[in-house]
Amino acid sequence: MFTREEIIEILTDESDDNLSLLCSDAHRIRVENRGESIFLRALIEFSNRCQKNCLYCGLRSSNIDTSRYILSEDQIIDSAVKSYNSGYGSIVLQSGERRDREFISFVTKVIKEIKRFSDNKLGITLSCGEQNEETYREWFEAGAHRYLLRFETSKEENYYRLHPKDRFHSYSDRINAIKTLKKIGYMTGSGFMYNLPNERVEDIADNLLFLKELNVDMVGMGPYIPHHETPLYEERNLVRLKEKSDIMKLALKSIAILRHLMPHINIASTTALQVIDNQGREKALASGANVLMPNLTPDTLRENYSIYDNKPGVKEDSELISLPFPIAYNECGDTI
Ligand code: SAH
Ligand code: SF4
């Protein structure tokens, strides 16, 4: 178990030998606690409509440059069936944030249909932003059992550098939503972005320790990648690391440190890593991560789900690359 000081020391250490040692240790801890196999989640980005205005994200409501869509129930079920038949034990339904009744009921209906056709076998993770307790319960009772909601950054003052300060964006609401998900019984995932403008190494250490404090079950964290149609784009030169290779090292360090802090959780090797290194996901899987989330959003709509520039998988096929690890097909991969 690392102290805050030790984490900061690792994050600032430039030795490649120390980094490989840290990563191979993390890999060993992962295998001991979560097994050799990688778990798969098929990612279905079912809508890019969003009421929020996060300063970093291309889907923010003020971005009129994106054409908005929501998949039909049939389209989502088609993708879910495809995932199920390809041996994915679990899917992630992700979208922009909407809190209207029409949207809430639509999601409930889709969850029930997926549970029905898969005979309760296909695991469902939701990632549809902040909702009230009643909505989270409705979706839980319909059959969703995991939820991903990143806190994005653990310090309140940093949070308001990334979000407008209004009723749609409240730091305390965000943190409380994560706690509510846990209370209801969801396997709860959270995480943050790193290499944000003006970020300090101490912030990353605090983010990692905050995941431990929240006692989350799963983590997805990834590099901030500027999107040209967002306000934060103006600050893109204020990021601490400019070289992709340095950002990749930070990614591996963050994953490896977290695996030391939380041996039993699921840690995703996120899509954004592919943007900075074409072997990024594989490297992460050898450094403590154990979950892969291939994109199964229908090809024709994928490019509209543009949260950041040069998002991978936008023009290519979603075939699974040959991985140097066994894959746990047809398994949900729960930690509890
Ligand atoms: N609307 C939901 C889920 C979709 S966004 C939500 O916000 O929770 C999913 C994640 O994309 C966010 O949590 C954020 O961490 C990440 N993201 C958004 N813009 C990004 C960017 N420019 N670079 C990297 N990650 C980004
Ligand atoms: Fe909407 Fe999520 Fe993007 Fe924020 S990060 S603008 S909530 S899609």
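See the structure printed just above.
Residues numbered from 1 in each chain as written. Chains lettered and ligands numbered in written order. Predicted model: local features only at pLDDT ≥ 70, side-chain atom pairs only at ≥ 80, totals over all residues. Heavy atoms only, no water.

Not every one of the 18 residues close to ligand 1 is listed here, only the nearest: Y56, S95, R150, E152 and I225. With respect to ligand 1, the backbone of S95 contributes an N or O atom lying 3.0 Å from a nitrogen atom. One nitrogen or oxygen atom from the side chain of R174 is found 3.2 Å from an oxygen atom belonging to ligand 1. Coverage of ligand 1 by the protein chains reaches 92% of its 550 Å² of free accessible surface. (Near = heavy atom within 4 Å. Polar contact = N/O pair within 3.5 Å; in protein donor to acceptor, adjacent residues only side chain to side chain. Areas by Shrake-Rupley, 256 points an atom, 1.4 Å probe, with all protein chains shown as cover.)

All right, on to the pairing of strand β6 (residues 187-190) then. The two faces of β6 match: M187 and G189 on one face and T188 and S190 on the other face are all buried. Relative to β6, strand β5 (residues 146-148) runs parallel, the two being bridged by 3 bridges. Following the sheet pairing, Y147 is matched in β6 by T188. Note: β6 against strand β8 (residues 218-219), 2 bridges, orientation parallel. Bridge pairing in β8 places G189 opposite M218. (Buried < 20%, exposed > 50% of the residue type's maximum accessible area, 1.4 Å probe, protein only. Helix = DSSP H or I, 4+ residues; strand = E, 2+ residues; numbered from the N terminus. Pairing = 2+ DSSP bridges.)

Right, let's talk about the sheet that holds strand β1 (residues 39-40) for a bit. Taking strand neighbours across the sheet as the criterion, the 9 strands line up as β1-β11-β10-β8-β6-β5-β4-β3-β2 in an open arrangement whose pairing is parallel. The open sheet has two edge strands with one neighbour each: β1 and β2 (42-47). Two strands pair when backbone bridges link them, and strand β10 (residues 266-269) and strand β11 (residues 291-292) are joined in this way by 2 bridges, in the parallel orientation. Bridged to S269 within β11 is L292.

This part takes up the nonpolar core. One finds L93, L126 and W139 to be the most contacted residues of the largest nonpolar core, which totals 94 residues. If you tally residues by element for this core, the top one is helix α9 (residues 244-261), at 10 residues. In this structure, A268, V291, M293 and A328 belong to the second largest nonpolar core, which totals 7 residues. (Core = buried A, V, L, I, M, F, W, Y, C linked by side-chain atoms within 4.5 Å.)

Compared with the 20 Å implied by 1.5 Å per residue over 14 residues, the 20 Å span of helix α7 (residues 171-184) between its first and last C-alpha is a close match. Within α7 the residues assigned to the buried category are Y171, R174, I175, A177, I178, T180, L181 and I184. Buried-residue contacts for α7 involve α5 (133-142), β5, α6 (156-162), β6 and α8 (201-214). Phi for G185, located one or two positions after α7, is positive at around 120°. (Expected span 1.5 Å × (residues − 1). Contact = heavy atoms within 4.5 Å.)

Before going further, it helps to examine the pattern of salt bridges. Taken as a whole and assessed by the stated rule, the structure comprises 22 salt bridges. One continuous salt-bridge network, built from bridges that share partners, spans K52, E97, R99, E130, E152 and R174. (Salt bridge = Lys/Arg side-chain N within 4 Å of Asp/Glu carboxyl O.)

What follows concerns the pairing of strand β3 (residues 90-95). Taking burial as the measure, the 6 residues of β3 include 6 buried ones, the bulk of the element. The alternating pattern of β3 places S90, V92 and Q94 on one face and I91, L93 and S95 on the opposite face, and all of these are buried. Pairing analysis gives 5 bridges linking β2 to β3, with the strands arranged parallel. Note that in β3 the partner of S47 across the bridge is S95. Once you follow β3 into helix α4 (residues 101-117) and on to strand β4 (residues 123-127), the crossover reads as right-handed. (Right-handed = clockwise from strand over helix to strand, strands pointing away.)

Examined against the element boundaries, K242 turns out to sit in the loop between β9 (222-223) and α9. Look at K242 and you get exposed, because its relative accessible area is 54%. C-alpha separation for the pair K242 and N195, spaced 47 residues apart in sequence, amounts to 9.0 Å. A polar contact is formed between the side chain of K242 and the backbone oxygen of N237, at a distance of 3.2 Å. From its side chain, K242 meets the backbone oxygen of V239 in a polar contact 2.8 Å long.

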